[in-house]
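Residues per chain are reported as follows:
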2 protein chains.
Amino acid sequence: MTKKGPVPGSEFRRDPVSGDWILVASGRQKRPRAKVAHRDRLSSAVKECPFDDPQASGNGVPLLWLPHPKRTGSGEPDAKDWWVWIAPNKFPALRPHRDCPQIEGDGSYQRMSGVGFHEIIITRDHDRRVSEMTPEEAETVLYAYQERYRALQREPCIEYILIFHNQGPAAGATVYHPHSQLIALPIIPPDVSRSLEGSRTYYAAHGRCVHCSMLDWEREKKERVVYENDRFLVLSPFAPRVSYEMRIYPKKHESRFENADASDRLALSDALSVILRKIKKTMDDPDYNFFIHTAPAKATGPDYYHWHIEVLPHTSTWAGLELGTGIEVVAIPPEEAAGALRAAK
Amino acid sequence: MTKKGPVPGSEFRRDPVSGDWILVASGRQKRPRAKVAHRDRLSSAVKECPFDDPQASGNGVPLLWLPHPKRTGSGEPDAKDWWVWIAPNKFPALRPHRDCPQIEGDGSYQRMSGVGFHEIIITRDHDRRVSEMTPEEAETVLYAYQERYRALQREPCIEYILIFHNQGPAAGATVYHPHSQLIALPIIPPDVSRSLEGSRTYYAAHGRCVHCSMLDWEREKKERVVYENDRFLVLSPFAPRVSYEMRIYPKKHESRFENADASDRLALSDALSVILRKIKKTMDDPDYNFFIHTAPAKATGPDYYHWHIEVLPHTSTWAGLELGTGIEVVAIPPEEAAGALRAAK
């Protein structure tokens, strides 16, 4: 069962100078592997895996489970036939609560209790990643993402929902078995807020989505385009945050990932798998993160925003220069990264 | 000799949506150790060290060198007696140029050539860190920082100067021998810009420096104060970016690090050494970064800003949640971190 009420010690705090929110989530200390900050690798042993049999390992009653898209058994599928399994995170950074959190003042400071949802999305195969799934399998995962997105979007306190995937220890994964996570937040986070503001400003000035203008330019220039299919364009962004960063955009203007239909999801599965395989081959299987940026949960539209997926391979460490300035330094120009990935079969 | 002219392939690029600048610095790929992204440790062998004899290893003619503060030899000190040695970084992210860089448009994009200064500040001892120096030795390092700061502050294109220190491979260091770096930028970086804006807004509303208000509150509450001497206060910030983050503030309002006098520098040496030793002891010698946040190079005043040092131990990896939201998640509440560090002898 999901425990209700704020996580003990979990609270948002606002930096009194920059105004940005951070999250103190002290319950996360209790994760079995959380103490080992610099792991070379995670144990791939099935017997230690908490996700091979989520029910046995206490990953709760599922919030949602789906059978394999090509399930051949007769009769109604049973939970034992799960292929995607979504459960509350056992070590949540946030926890549901009846009441929406309020900003509380404390001298110069502002804080807010850590109310929200933190879920884990597990695929059945212990070794097979998204990039190794069939398009139908990956489409099922994307559909599961959407279902949980829509369920949580209706929750009264939720302002933003991020779905993300950490692959490998250098990318922050603490379990080997492939899994994604969903976090539903009572605030619009600072990075998203800035991108929304930039999109809104451009729209007001040009009457057009900034992402659509950028996609037109990229398709004309071609030097940063890595892959495209009938519905999605994958490119190495002009101003990346890490070397080999990739972004996947729907070609047709759309502010919300959750509006993608079955054909969109199949085309996205193709684009995501292709790009992850190209990264694996070109960069000797790096750890990576990917996440979905979509419009805020409660916004209508908005017309100025354009949803996308960002894929960030883990290639270097942010050091004093990056931490002290916010200027991310990348060693590989995106045009060079795009060329290398285009060439990878 | 310092090569002049923009570094090939080094340029600032602006994200068309968020408006933030990143830096593509492809020359940095050539660093001997740059390819090994996940190093457990750096070689401590003296024979491989590029900093034990900076002249022999091609670290140029020094921009500045200083003898040991307790030098006992007779006659004028010779460069061979160096104790602090500052030279241009052999693998610079930025390079000086006669002309200030201009923002150039390219479709929806903006770019600017990578003009600036990138220097390396080496202390003589191969093994001894800032935290292990005498107050007089550390004061000499801080004085050297200030001298280079003041020299570069006068350069026409320079808007912001960051001095930073990466300790250990997980914090981005590629050389074992202790060293700091200085980067002089032709822009005010995004993180600094947001803090300046927040400080200015508070000042306009309250007629007072936000940092001074915060320091008063912290001294009254005490729960986040870790150490203080007659001139500096060290605290675990209310909204940290990483577990065990520490900040060192001058108690007296001052916008500029470079205005610290000899007594300030001695008191700062004490505070910095104490806090780095407490971190080493409490956290089993983690890698860390520290950097100095001071007012922009060309600003007069400004009264609303308050310089300080941020110390960030490397305790975890930013994963999809942090990368996708900008909300940094910390596992250890700053009050708990402060308690643990206060108790460390």
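Here, every reference points to the structure presented above.
All values reported here derive from a predicted model rather than from experimental measurement. Along each chain, numbering runs from 1 in the same order as the chain's sequence is written. Starting at A for chains and at 1 for ligands, labels are handed out in the order in which the entities are written. Two thresholds apply to this predicted model, a pLDDT of at least 70 for residue-level local features and 80 or more for giving and counting side-chain atom pairs, whereas whole-chain, interface and lining totals are computed over all residues.

### Comments concerning the interface of chain A and chain B
Short version of the rule: Residues are scored as being in contact if the C-beta atoms we place from backbone atoms lie within 7 Å. Numbering of helices and strands runs from the N terminus; a helix is a DSSP stretch of H or I covering at least four residues, while a strand is a stretch of E covering at least two. Side-chain classes are defined by residue name, with Ala, Val, Leu, Ile, Met, Phe, Trp, Tyr, Cys and Pro counting as nonpolar, Asp, Glu, Lys and Arg as charged, and the others, Gly among them, as polar. Any two strands with at least two DSSP-identified bridges between them are counted as paired.
Opposite the 71 residues of chain A that make contact, chain B presents 70 residues. With 7 residues, the top contributor of residues to the side of chain A that touches chain B is helix H2 (residues 190-206) of chain A. Residues of the side of chain A that touches chain B, tallied by class, amount to 37 nonpolar, 24 polar and 10 charged. Of the strand pairs in this sheet, strand S2 (residues 21-25) of chain A and strand S15 (residues 329-330) of chain B are connected by 2 bridges, and their pairing is parallel. By the bridge assignment, Leu23(A) is partnered in S15(B) with Val329(B).

### Looking at the pairing of strand S8 (residues 160-167) of chain B
Residue and element names in this part refer to chain B. Rules: Here the C-beta atoms are placed from the backbone, and a residue counts as buried if at least 20 other C-beta atoms lie within 10 Å of its own, exposed if 12 or fewer do, and partly exposed otherwise.
In terms of residue burial, S8 counts as a mostly covered element, since 8 of its 8 residues are buried. Residues Tyr160, Leu162, Phe164 and Asn166 of S8 are buried on one face, and the alternating residues Ile161, Ile163, His165 and Gln167, pointing to the opposite face, are buried as well. With 5 bridges connecting them, S8 and strand S13 (residues 288-293) associate as antiparallel partners. The residue of S13 that forms the bridge with His165 is Phe290.

### Regarding the relation of the copies chain A and chain B
Here the two chain copies are tied together by a rotation about an axis and a shift along that axis. For clarity, the threshold we go by: The copies were overlaid with a least-squares fit restricted to C-alpha atoms from residues scoring a pLDDT of at least 70 in each copy.
Of the transformation superimposing chain A on chain B, the axial component is 0.0 Å and the angular component is 180°, with the fit at an RMSD of 0.0 Å. One copy is carried onto the other by what is essentially a two-fold rotation axis. Mapped onto chain B, 99% of the interface residues of chain A again fall at the interface, so both copies present the same surface.

### What about the sheet that holds strand S15 (residues 329-330) of chain A?
Hydrogen bonds between backbone atoms are what pair the strands of a sheet, whose relative direction is either parallel or antiparallel. Sheet architecture is open: 5 strands sit in the order S15(A)-S2(B)-S1(B)-S6(B)-S5(B), paired in mixed fashion. Looking at the sheet topology across the chains shown, the edges are occupied by S15 of chain A together with strand S5 (104-106) of chain B. Judged from the 4 bridges that link them, strand S1 (residues 10-14) of chain B and strand S6 (residues 109-113) of chain B form a sheet pairing that is antiparallel. Opposite Glu11(B), over in S6(B), you have Ser113(B) as the bridge partner.

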